[in-house]
Amino acid sequence: MSGKVTKHSKSNNTEISSLAAKIKAKALENQKKLKEDEAINSSDEEKGIIVKNNAAEEDAGNDETFESFTELNLVPELIQACKNLNYEKPTPIQSKSIPPALNGKDIIGLAQTGSGKTAAFAIPILNSLWHDQLPYYACILSPTRELAQQIKETFDSLGSLMGVRTVCIVGGMNMMDQARDLMRKPHIIIATPGRLMDHLENTRGFSLRKLRYLVMDEADRLLDMEFGPVLDRILKILPTEGRTTYLFSATMTSKIDKLQRASLTNPVKCAVSNKYQTVDTLVQTLMVVPGGLKNTFLIYLLNEFHGKTFIIFTRTKANAERIAGLANLLEFNATALHGDLNQNQRTGALDLFKAGKRSILVATDVAARGLDIPSVDIVINYDIPVDSKSYIHRVGRTARAGRSGKSISLVSQYDLELILRIEEVLGKKLPKESVDKDIILSLRDSVDKANGEVVMELNRRSKEKAARGKGRRGRMQSKENMDREER
Ligand SMILES: Nc1ncnc2c1ncn2[C@@H]1O[C@H](COP(=O)(O)OP(=O)(O)OP(=O)(O)O)[C@@H](O)[C@H]1O
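As annotated in an unreviewed UniProt entry, the protein carries the name ATP-dependent rRNA helicase RRP3 and is attributed to Kazachstania africana. The record held by UniProt for the protein lists under Subunit (unreviewed entry) the comment "Interacts with the SSU processome." Quoted verbatim from the Catalytic activity (unreviewed entry) field of the UniProt record, the comment on the protein reads "ATP + H2O = ADP + phosphate + H(+)".

As structure tokens, then:
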């Protein structure tokens, strides 16, 4: 369904089509203007489009940088795989964490979004696996299913010349198929905590007693309340002797007791950024939105930046579905991603967006962490996240791996405190995005009407769904609930 809304009244239909036509005409005009501007002037900071600044962050204590992967003394198969992926040299977090990791140390890795943390933990694990090819060698925990799949793909490509066997064990997929995959004795398991626990308890012949590496990606999220109980159960089962542990994130918990739960042994802290830092290639702005005009401002932005690729973050699943519906009704090209969709729908939505068949992904925080989609130009916070860490991760979906990007946060009167807190951790004020009030006024009525249509349609669908679901409630609940990755 992906937020497509098809049913609306005839009179509104005409108005909406004429609005869509207006928006399209304006978009074409804008696109032409943008191209002209780009040709005339490559410095776009004032227009708030994109600024390039390749300065890499390194903290004062950084000892050594490496100009090539060969200098790291990796096995030739890994050096070649890095070449195949066009990784010319290690990123700062890779330079900092790979050497101690190769020496067998536990690592706490902290570096900005999009700075290559996945390869920073995958490379030392694969290097070690090459010398010691054992099943169930490493387990990588991820807070979301989509991120787990992406980590698997990184291991597959980096290990492509080594015959590495990987498996992704996440909620929403068939348990039996996964059990079969586990019986094939993969080297690397990438999992969401709930589903991994399920297999540890129920899949015969599967055990992680000989596990050599445990990685917690987005570690602060895994160590927070939501995942706490299931993570503690997993950690109780895993061996501590002979196990190396890595924690990686762009934001980290400073609460020592939380880190201790992960049973780290004399970890080396490899920090490339301060606790909450965004990359220099990201331009962050905000728009102060008067009451009741949020949808209009959003449509205004989609129009102004027509031709760009967006991720729009909402706080609730219902908002994600509604905004995707609204954008589609106004003939933008959106798909929704949130935890109320089944896994096929989630994968489908992400694939459409990645393949460029949709230019707008409307998502809850299920997409805030880790997802690496190089083509994302603009992140819009339709709802301001309640914690500053989420803000850092959300805006980090753009401006990845040295690329440029932009984020715009829609700030209502109720969000002022939240945005002040975010500005405080960022250590800077966010500049205001300019807005053409006349266009906002001209869009307002039609956007409100279109939004009304979408709300009605979604209500109708949810009543239909509730009627269909009666009597079936409660079934299939317990297993899915173990996968506590949804918000
Ligand atoms: N040495 C390298 N040279 C060039 N590109 C690299 C290198 N290492 C990783 N990359 C690329 O950088 C991008 C971002 O990497 P990755 O997804 O691991 O970032 P991250 O630090 O984990 O971000 P997040 O905090 O958002 O999860 C990926 O597309 C990856 O292929």
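Caption draft 1: Layout of the pattern of salt bridges. Applying the stated criterion across every chain yields a total of 25 salt bridges. Here Asp224 ties to Arg221 by a salt bridge, and the two come within 3.9 Å at their closest N and O atoms. Salt-bridge contacts for Glu464 lead to Arg468; the nearest nitrogen and oxygen are separated by 3.9 Å. Of this pair, Glu464 and Arg468 are both found in helix H16 (residues 437–469), 4 residues apart, which corresponds to roughly one turn of the helix. In this structure Glu464 comes out as partly exposed when scored by relative accessible area, which is 39%. We classify Arg468 as exposed; its relative accessible area is 51%. Through salt bridges that share partners, Glu457, Arg460, Arg461, Glu464 and Arg468 make up one connected network.

Caption draft 2: Spatial organisation of the site of the ligand. Taken together, 19 residues lie around the ligand, and Gly114, Lys117, Thr118, Asp372 and Arg397 are the ones closest in. Contact distances for the ligand include 2.8 Å between an oxygen atom and a side-chain N or O atom of Tyr87. Here an oxygen atom of the ligand and a backbone polar atom of Ser115 are 3.0 Å apart. If the ligand stood free it would expose 650 Å²; the protein chains cover 86% of that surface.

Caption draft 3: Here's a closer look at the domain arrangement of the protein. What the domain assignment reports for the protein is domain 1 (10–33 + 277–461) and domain 2 (64–271). For domain 1 and domain 2, the distance between their C-alpha centroids amounts to 32 Å. Listed by partner, the interface residues are 19 residues for domain 1 and 19 residues for domain 2. Regarding the contact of domain 1 and domain 2, the summed buried area is about 1,700 Å², with carbon and sulfur atoms giving 51% of it. Interface area lost by domain 1 to domain 2 is led by Gln343, Arg369 and Lys389, which between them contribute 34%. One can count 4 salt bridges joining domain 1 with domain 2. A salt bridge links Glu218 to Arg369, with the shortest nitrogen-to-oxygen separation between them at 2.8 Å. Our count for the domain 1 to domain 2 interface comes out at 9 residue pairs in polar contact (both at pLDDT 80 or more). Where the side of domain 1 that touches domain 2 is concerned, the elements lending two or more residues are helix H13 (343–354) and helix H14 (388–395).

Caption draft 4: Up close: the sheet that holds strand S2 (residues 138–141). Ordered by their spatial adjacency, 7 strands build an open sheet running S3-S4-S2-S5-S6-S1-S7, and the pairing between neighbours is parallel. Of all the strands in the sheet, the pair left with one neighbour each is strand S3 (166–169) and strand S7 (268–271). Averaged over all pairs of adjacent strands, the angle between their axes in this sheet comes to 15°, without regard to strand direction. Pairing geometry for strand S5 (residues 213–217) and strand S6 (residues 244–249), over 5 bridges, is parallel. Each residue of the ladder has a partner; that of Val215, found in S6, is Tyr246. Packed on one face of the sheet, helix H3 (residues 92–102) meets strand S1 (107–110), S6 and S7 and runs near 165° to S7. Relative to S3, helix H5 (residues 145–158) is tilted by about 180°, and along the sheet it contacts S2, S3, strand S4 (188–191) and S5.

Rules and cut-offs
- Along every chain, residues carry numbers that run from 1 in the direction the sequence is written.
- Predicted model: local features are reported for residues with pLDDT of at least 70 only, side-chain atom pairs are reported and counted for 80 or more only, and whole-chain, interface and lining totals are derived from all residues.
- Hydrogens and water are ignored here; the side-chain numbers use all heavy atoms of the structure.
- UniProt positions are given in the numbering used here, feature names are shortened, and annotations may be inferred rather than shown by experiment.
- Salt bridges are counted wherever a side-chain nitrogen of Lys or Arg sits within 4 Å of a carboxyl oxygen of Asp or Glu.
- What counts as a helix is a DSSP run of H or I of at least four residues, what counts as a strand is a run of E of at least two, and both are numbered from the N terminus.
- For each residue, the accessible area found with a 1.4 Å probe, counting protein chains only, is set against the maximum for its type, and the residue is called buried under 20%, exposed over 50%, and partly exposed in between.
- Distances are taken per atom, and a residue is near a molecule or strand as soon as one of its heavy atoms is within 4 Å of it.
- Polar contacts, as counted here, are pairs of nitrogen or oxygen atoms within 3.5 Å of one another; within protein the pair requires one atom able to donate a hydrogen and one able to accept it, and residues that are adjacent in sequence qualify only if both atoms are side-chain atoms.
- The accessible surface values rely on the Shrake-Rupley method and a 1.4 Å probe; as for residues, cover is taken only from the protein chains in view.
- Domain borders in the structure are assigned automatically or taken from a domain database.
- Contact criterion: two residues are considered in contact whenever any of their non-hydrogen atoms come within 4.5 Å of each other.
- Accessible area that two parts lose when put together, with a 1.4 Å probe and added across both, is what the buried area reports.
- One bridge is not enough; two strands pair if DSSP finds at least two bridges between them.
- Only the contacting stretch of a helix is used when fitting its axis, a line to C-alpha atoms as for every element, and angles between N-to-C directions run 0 to 180 degrees.

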